[in-house]
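# Residue-level structure breakdown
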Amino acid sequence: MTTADAILQVQDLSVVYHSSRGPHTAVGDLNLTLRSGEFVSILGPSGCGKSTLLSVVAGLLPASRGRVMVSGEPVRRPRPDVGIVFQKPTLLPWRTVAGNVMVPIEALRRSPRDYAERCRDLLGLVGLAAFAEHYPDELSGGMQQRVSIARALIHDPALMLMDEPFGALDAMTRERMWLELQDIWLSSRKTVLFITHSIPEAVFLSDRVLVMASTPGRIVQEIVIDLPRPRAVQTMAEPRYAALCGDIRTMFLSRMEQGR
Ligand SMILES: Nc1ncnc2c1ncn2[C@@H]1O[C@H](COP(=O)(O)OP(=O)(O)OP(=O)(O)O)[C@@H](O)[C@H]1O
Ligand SMILES: [Mg+2]
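Computed from a prediction, not measured in an experiment: that's the story for all the values here. (Residues numbered from 1 in each chain as written. Chains lettered and ligands numbered in written order. Predicted model: local features only at pLDDT ≥ 70, side-chain atom pairs only at ≥ 80, totals over all residues. Heavy atoms only, no water.)

## Notes on the pairing of strand β9 (residues 208–213)
On a regular strand, one side chain projects to one face of the sheet and the next to the other, so that they alternate. In terms of burial, β9 is largely enclosed, as six of its six residues are buried. On β9, burial covers both faces: R208, L210 and M212 on one face and V209, V211 and A213 on the other are all buried. Where strand β3 (residues 39–43) meets β9, four bridges bridge the pair, whose relative direction is parallel. Residue pairing for β9: L43 is matched across the bridge by V211. Inspection of the sheet shows β9 paired to strand β10 (residues 218–224) by six bridges, in the antiparallel sense. By the bridge assignment, V209 is partnered in β10 with I223. (Buried < 20%, exposed > 50% of the residue type's maximum accessible area, 1.4 Å probe, protein only. Helix = DSSP H or I, 4+ residues; strand = E, 2+ residues; numbered from the N terminus. Pairing = 2+ DSSP bridges.)

## Regarding the pairing of strand β1 (residues 6–19)
Bridging between β1 and strand β2 (residues 22–35) involves ten bridges; their strand directions are antiparallel. The partner of Q9 across the bridge, within β2, is T33. Bridge analysis of β1 against strand β4 (residues 65–70) gives five bridges, and the strand direction is antiparallel. Paired with Q9 across the two strands is M69, which belongs to β4.

## Focus on the nonpolar core
Core analysis: the biggest nonpolar cluster contains 51 residues, and L123, I149, V203 and I248 have the highest contact counts within it. Among residues more than four places away in sequence, those in contact with I149 are V85, V126, M162, F166, M177 and I184. Residues V10, L13, A58 and L161 belong to the second largest nonpolar core, which totals 27 residues. (Core = buried A, V, L, I, M, F, W, Y, C linked by side-chain atoms within 4.5 Å. Contact = heavy atoms within 4.5 Å.)

## Some words on the pattern of salt bridges
Scanning all chains against the criterion turns up twelve salt bridges. Here R79 and E73 are joined by a salt bridge, their closest N and O atoms 3.0 Å apart. (Salt bridge = Lys/Arg side-chain N within 4 Å of Asp/Glu carboxyl O.)

## Looking at the site of ligand 1
Lining the immediate surroundings of ligand 1 are 13 residues, of which S46, G47, K50, T52 and H197 lie closest. One of the side-chain nitrogen or oxygen atoms of H24 is found 3.3 Å away from an oxygen atom of ligand 1. For ligand 1, an oxygen atom lies 2.5 Å from a polar atom in the side chain of T52. When isolated, ligand 1 has an accessible area of 640 Å², and the protein chains bury 62% of it. Those elements that provide at least two residues to the shell around ligand 1 are β2 and α1 (50–57). Broken down by class, the residue content of the shell around ligand 1 amounts to four nonpolar, seven polar and two charged. (Near = heavy atom within 4 Å. Polar contact = N/O pair within 3.5 Å; in protein donor to acceptor, adjacent residues only side chain to side chain. Areas by Shrake-Rupley, 256 points an atom, 1.4 Å probe, with all protein chains shown as cover. Nonpolar A, V, L, I, M, F, W, Y, C, P; charged D, E, K, R; others polar.)

## Here's the deal with the sheet that holds strand β6 (residues 82–85)
As summarised here, the arrangement of the six strands in space is β6-β7-β8-β3-β9-β10, forming an open sheet in which the pairing is mixed. Sheet topology places β6 and β10 at the edges, where each strand pairs with a single neighbour. Sheet twist, expressed as the average angle between the axes of neighbouring strands with direction ignored, equals 20 degrees. (Axes fitted to C-alpha atoms, helices over the stretch in contact; angles between N-to-C directions.)

## Quick notes on the packing of helix α5 (residues 141–153) against helix α6 (residues 171–188)
At their nearest, the axes of α5 and α6 sit 11 Å apart, and the two run at 20 degrees to each other. By the criterion of interaxial angle, the relationship of α5 to α6 is roughly parallel. For the pair α5 and α6, the crossing hand works out as right-handed. Within the contact between the two elements, α5 uses G142, R146, I149 and L153 and α6 uses T173, R176, M177, E180 and I184. Its residues placed into classes, the contact of α5 with α6 shows four nonpolar, two polar and three charged. (Parallel < 35°, antiparallel > 145°, perpendicular 65-115°, else oblique. Left-handed = near helix turned anticlockwise from the far one by under 90°.)

## Brief notes about the side chain of K190
Mapped onto the secondary structure, K190 falls in the loop between α6 and β8 (191–196). Assessed through its relative accessible area of 5%, K190 is described here as buried. At 2.4 Å, the side chain of K190 forms a polar contact with the side chain of D156. Polar contacts involving the side chain of K190 include one to the main-chain carbonyl oxygen of P157, which spans 2.9 Å. The contacts of K190, once residues within four sequence positions are left out, are G37, E38, L153, D156, P157, A158, M160 and W185.

Without other data, these values stay purely geometric and don't point to any function.
Structure below.
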């Protein structure tokens, strides 16, 4: 991959937290490059530094060493061409669904009128066209998470960062969300960096899966997911899908046994 193709470049990134117990290197010498339009997942055990990495890419946390570039520019603060979906939907309870989707537009001081149609289109895309005037507490957890996906897309960011967005959902809703996210990704041509604990989820959604190990957080393996797209529920019954999930599972188990 040439530098020109890269929408995200993380070079020799280290992040050290300082607490009363002393310094803790959460991410150490991590390198990562995403090509424009790719869907890449990061899979790793709890505490290995996934959210820390995402926070630095989002411009919410400074790097201790190394650098992070989005579209060829160093990241120093949150950027308008990056959208974020957190593990919890974090919706404002006093605002309607449409009102929540429009929050980034107001934060960026853009004209809400210019984005009203896009807001309607996005709510349609995430299957919530009929819920624009509802309030978050009238929605299920899956519906709330779809609102937060629409909110992350409203200002048309080139890069979407998703930190375990489906972690709190039941298994059935979660699989439906995979299909919806794939549709959104295929139709909007975003680049996605997706964090998950779930091997089946990472394999279903991704072009590449990057495996992280802890202490310090770093990428130890890359698996190219060569399943054809669009993927469907039937994909999960295919031998190639099972083989990819199995290979990654075996690799995790052997790393655990070796204490790495
Ligand atoms: N603000 C902080 N101060 C000190 N240490 C922190 C802070 N935030 C995270 N850490 C530590 O850094 C390491 C990485 O944390 P991080 O939240 O990035 O992990 P994670 O891979 O996202 O875990 P999970 O899968 O449980 O969400 C952990 O050991 C954690 O205890
Ligand atoms: Mg995390």
